[in-house]
Amino acid sequence: MNKSTIFIILSTLIVFTGFTGFTGFTGCKANSNSFESGSKPEPESRVSALSERVINDELKESGVFALELFADSYSASDFVEGQVDPAHIELMLMSGMKAPSAKNAQPWHFTVVTRYETASELLSFVKDGNVLIIVSGNPDIITDTMEFDCGLAAQNIQLAAEALGYGARMYIEPIGRIDKQKNKLGIPGNHKVLTAILIGPVDAGIDTTAAATTRNDLSQHVNYAD
Ligand SMILES: Cc1cc2nc3c(=O)[nH]c(=O)nc-3n(C[C@H](O)[C@H](O)[C@H](O)COP(=O)(O)O)c2cc1C
């Protein structure tokens, strides 16, 4: 099985498991708040004390690649010089295309910047060989959900980059500069520029849990309705 086939299988796993959420994953084990499939759990106990550390441990112990990928996901800031394989860029773009969208409108557009001089005008700290993928959206295709849909595509691209062993980080900071250069960059004039994803090699062996920003306790963000 070649690398591309493996990645396509993994991407499919992400799509099928990514949005079922923690509560739908009945293979979850190793914590006292776990619940047997079919039994009715106490709502409070299902969400209490699920701190970031517990969540990461649960995801990593799941044995499911997509969930381990979420656990290891972080926004890189320590890029090093080095090439991003053009075949990998294609896989990231295909992963972006796999995002769901309301009415299947697919309102996104991806602009790939590989030239160092161009990328470093947009983000001053880009390293030679890093790639910027700009995500813009077409509000004329669908208005209400355009930004939401494009966000899903952007997240697919970031996770695909991480699955392929690169670091990745989304940026809104260069949007003003990108807007001014839309024409030069080939971004359709009517599109809204939403984010630029910086992708590149990072030092191997990084502690991904420590590198990620701390999340709130799950119980602060979840309730189970009666
Ligand atoms: C839409 C969006 C825009 C972002 N813009 C920036 C940015 O301009 N500068 C930056 O340093 N990080 C940016 N980030 C990265 C976030 O700060 C980061 O995802 C968040 O702190 C969580 O960190 P983690 O992914 O390492 O856990 C952005 C993330 C998103 C989703």
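Since the structure is predicted, the reported quantities are computational estimates derived from the model, not experimental observations.

Regarding its fold elements, the protein presents 10 helices and four strands. Ordered by position from the N terminus, the helices and strands of the protein form the series α-α-α-α-α-β-α-β-α-β-α-α-β-α. A sequence separation of at least 24 residues applies to 75% of the contacts in the protein between residues at least 6 apart.

The next point concerns helix α7 (residues 146–163). The first and last C-alpha atoms of α7 sit 26 Å apart over 18 residues, in line with the 26 Å expected at 1.5 Å per residue. By the criterion of burial, α7 is predominantly enclosed, with 14 of the 18 residues buried. Positive backbone phi, approximately 95 degrees, marks Gly 165, located one or two places after α7.

Looking now at the confidence of the model for the protein. Close inspection of predicted coordinates is inappropriate in any region flagged by low pLDDT. Within the protein, residue pLDDT values average 83, and 77% of them lie at 70 or more. Confidence drops under pLDDT 50 across residues 3–43; counting only partners more than four residues distant or on other chains, this segment forms 44 contacts.

Moving on, we get to the sheet that holds strand β4 (residues 192–200). Taken in spatial order, the four strands line up as β1-β2-β4-β3 in an open sheet, and their pairing is antiparallel. Sheet topology places β1 (108–113) and β3 (167–171) at the edges, where each strand pairs with a single neighbour. Going from strand to strand, the sheet's axes swing by 20 degrees on average, the running direction of each strand aside. Pairing between β3 and β4: five bridges, direction antiparallel. What sits directly across from Gly 167, in β4, is Gly 200.

Near the ligand the following residues occur: Tyr 74, Ser 75, Arg 169, Met 170, Tyr 171, Ile 172, Glu 173, Thr 195, Ala 212 and Thr 213. The element that contributes the greatest number of residues to the shell around the ligand is β3, accounting for three residues. Partitioning the shell around the ligand into residue classes produces five nonpolar, three polar and two charged. Taken together, domain 1 (3–75 + 208–220) and domain 2 (86–200) each give at least three residues to the shell around the ligand, which thus spans both.

Take the nonpolar core next. One recurring pattern in soluble globular proteins is that nonpolar side chains are buried together. Ranked by size, the top nonpolar core spans 36 residues in total, and within it Leu 132, Ile 133, Val 135, Ile 197 and Ile 199 carry the most contacts. Where this core is concerned, the elements lending two or more residues are α5 (86–97), β1, α6 (116–122), β2 (131–137), α7 and β4. It is α7 that provides the largest number of residues to this core, a total of nine residues. Setting aside residues no more than four positions away along its own chain, Ile 133 makes contact with Met 92, Phe 110, Val 112, Ile 157, Ile 197 and Ile 199.

On to the environment of His 88, then. The topology assignment puts His 88 in helix α5. When the C-alpha positions of His 88 and Ala 161 are compared, they lie 7.8 Å apart, and in sequence the two are 73 residues distant.

A word on α5. In this model α5 runs 17 Å from its N-terminal to its C-terminal C-alpha over 12 residues, within 8% of the 16 Å that 1.5 Å per residue would give. Of all the residues in α5, the buried ones are His 88, Ile 89, Leu 91, Met 92, Ser 95 and Gly 96. Angular distribution of buried residues about the axis of α5 spans 160 degrees; they occupy a single face of the element. Pointing more than 90 degrees away from the buried face of α5 are the exposed residues Pro 86, Ala 87 and Glu 90.

The contact between α5 and α7 brings their axes to 7 Å, and the two run at 145 degrees. Note that α5 runs across α7; the crossing there is right-handed. Only Ala 153, Asn 156, Ile 157, Ala 160 and Ala 161 of α7 make contact with α5, whose side of the interface consists of Leu 91, Met 92, Ser 95 and Gly 96. Across the contact of α5 with α7, the residue classes break down as six nonpolar, three polar and no charged.

Next up on the list: the packing of helix α3 (residues 52–61) against helix α4 (residues 65–72). Contact geometry for α3 and α4: axes closest at 7 Å, N-to-C directions at 150 degrees. The orientation of α3 relative to α4 falls into the category roughly antiparallel. Of the two elements, α3 crosses α4, and the hand of that crossing is left-handed. Here α3 contributes Asn 56, Leu 59 and Lys 60 to the contact with α4, which in turn contributes Leu 67, Glu 68, Phe 70 and Ala 71. The residue makeup of the contact of α3 with α4, split by class, is four nonpolar, one polar and two charged.

Definitions and cut-offs
- Residues numbered from 1 in each chain as written.
- Predicted model: local features only at pLDDT ≥ 70, side-chain atom pairs only at ≥ 80, totals over all residues.
- Helix = DSSP H or I, 4+ residues; strand = E, 2+ residues; numbered from the N terminus.
- Contact = placed C-beta atoms within 7 Å.
- Expected span 1.5 Å × (residues − 1).
- Buried ≥ 20, exposed ≤ 12 C-beta atoms within 10 Å, placed from the backbone.
- pLDDT = per-residue confidence, 0-100.
- Pairing = 2+ DSSP bridges.
- Axes fitted to C-alpha atoms, helices over the stretch in contact; angles between N-to-C directions.
- Near = placed C-beta within 6 Å.
- Nonpolar A, V, L, I, M, F, W, Y, C, P; charged D, E, K, R; others polar.
- Domains from an automatic or database assignment.
- Core = buried A, V, L, I, M, F, W, Y, C linked by C-beta atoms within 7 Å.
- Arc of directions from axis to C-beta.
- Left-handed = near helix turned anticlockwise from the far one by under 90°.
- Parallel < 35°, antiparallel > 145°, perpendicular 65-115°, else oblique.

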